[in-house]
Amino acid sequence: MAILRSLLLPLGLFLCLGLLCSPASCINHNDNCTFFSKVIATTYSGIHANPNVYKSNTVYTVSVPVNNSISSVVLRAMDQHDSVIGSWQKADKYCNGSVLYHMKSPYSKLFEAKWVSPSSMNITAVELQVFTVDFHNTARVSFKMLKRN
């Protein structure tokens, strides 16, 4: 009986750990902003940034065309050295270098977010990376380059 109990205890702990770390919760725990089932690069993005040139310490309005099949938008800003820079405002989730915004209305045609560029003067260009994610977790990635004047 003692041997049976010693075998059941680790098995019970293993099952409990399995429930705590089911695939859905483990994915959410790691980095839900960048978990996609598939990523498709797009050639025409339709992304607009205002202003449309890079300036330090500036608030940008980033606009992305969306439709009723889009469930969320993931955004990231990278400098010329592939470092994540700046800060996004009012995101639903902040992740490792990315932010996630859930679509609030299925009738939206345009998604807008605010991004604040860093105060560093050493940045010459910024690439805005936009992932529009549908309800099947397929992401379409597009890019917008902002260059300093």
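Look up: the structure comes first, before these words.
Residues numbered from 1 in each chain as written. Predicted model: local features only at pLDDT ≥ 70, side-chain atom pairs only at ≥ 80, totals over all residues. Heavy atoms only, no water.

Enquirer: I keep staring at the overall build of the protein chain and nothing clicks. Help me out?
Expert: Helix and strand content of the protein chain: two helices and ten strands. Along its sequence from the N terminus, the protein chain presents helices and strands in the succession α-α-β-β-β-β-β-β-β-β-β-β. Across the 149 residues in the protein chain, those meeting the buried criterion constitute 38%. Summing over all exposed atoms, the protein chain offers an accessible surface of approximately 9,500 Å²; the carbon and sulfur share of this is 60%. (Helix = DSSP H or I, 4+ residues; strand = E, 2+ residues; numbered from the N terminus. Buried < 20%, exposed > 50% of the residue type's maximum accessible area, 1.4 Å probe, protein only. Areas by Shrake-Rupley, 256 points an atom, 1.4 Å probe, with all protein chains shown as cover.)

Enquirer: I keep staring at the environment of T124 and nothing clicks. Help me out?
Expert: Turning to its location among the elements, T124 is positioned in the loop between β8 (110-116) and β9 (125-134). Residue classification places T124 among the partly exposed residues on the basis of a relative accessible area of 46%. With sequence-adjacent residues up to four places away left out, T124 is seen in contact with Q80, L146, K147 and R148. (Contact = heavy atoms within 4.5 Å.)

Enquirer: When you look at the sheet that holds β9 in this model, what are you seeing that I'm missing?
Expert: Two modes of strand pairing occur in sheets, parallel and antiparallel, and in both the strands are linked by backbone hydrogen bonds. One open sheet holds the six strands; their spatial order is β1-β10-β9-β4-β7-β6, and the pairing between them is mixed. Two strands bound the open sheet, and with one partner strand each, they are β1 (38-41) and β6 (93-94). In terms of strand pairing, strand β4 (residues 70-79) meets strand β7 (residues 99-102) through four bridges, oriented antiparallel. Bridge pairing in β7 links L75 to V99. (Pairing = 2+ DSSP bridges.)

Enquirer: What should I look at first to understand the pattern of salt bridges in this one?
Expert: Any two side chains of opposite charge can pair, so long as their charged atoms come close to each other. On inspection of all chains with the given rule, the structure shows one salt bridge. Across the pair K104 and D92 runs a salt bridge, and its minimum N-O distance is 3.0 Å. On the criterion of sequence distance, the pair formed by K104 in the loop between β7 and β8 and D92 in the loop between β5 (87-88) and β6 is long-range, its members being twelve residues apart. Accessibility expressed as a relative area gives 36% for D92, which makes it partly exposed. (Salt bridge = Lys/Arg side-chain N within 4 Å of Asp/Glu carboxyl O.)

Enquirer: Would you explain the environment of H81 in this entry?
Expert: Tracing the sequence through the fold places H81 in the loop between β4 and β5. Linking H81 and T124, residues 43 residues apart in sequence, is a C-alpha distance of 9.9 Å. Polar contacts involving the side chain of H81 include one to the side chain of Q80, which spans 3.5 Å. (Polar contact = N/O pair within 3.5 Å; in protein donor to acceptor, adjacent residues only side chain to side chain.)

Enquirer: I'm lost on unusual backbone geometry in this one. Help?
Expert: It is generally the case that most residues other than glycine have a negative phi and that most peptide bonds are trans. With an omega of 0°, the peptide bond running from N50 to P51 counts as cis. Secondary-structure assignment places P51 in the loop between β2 (48-50) and β3 (59-65). One non-glycine residue, N137, lies in positive phi territory at about 65°. Structurally, N137 can be placed in the loop between β9 and β10 (138-147).

Enquirer: Please clarify how the side chain of R76 should be interpreted in this entry.
Expert: Mapped onto the fold, R76 is located in strand β4. In this structure the side chain of R76 is engaged in a polar contact, spanning 2.8 Å, whose partner is the side chain of Q129. If we skip the residues at most four places from it in the chain, R76 touches V84, W88, G97, S98, E127, L128, Q129 and F131.

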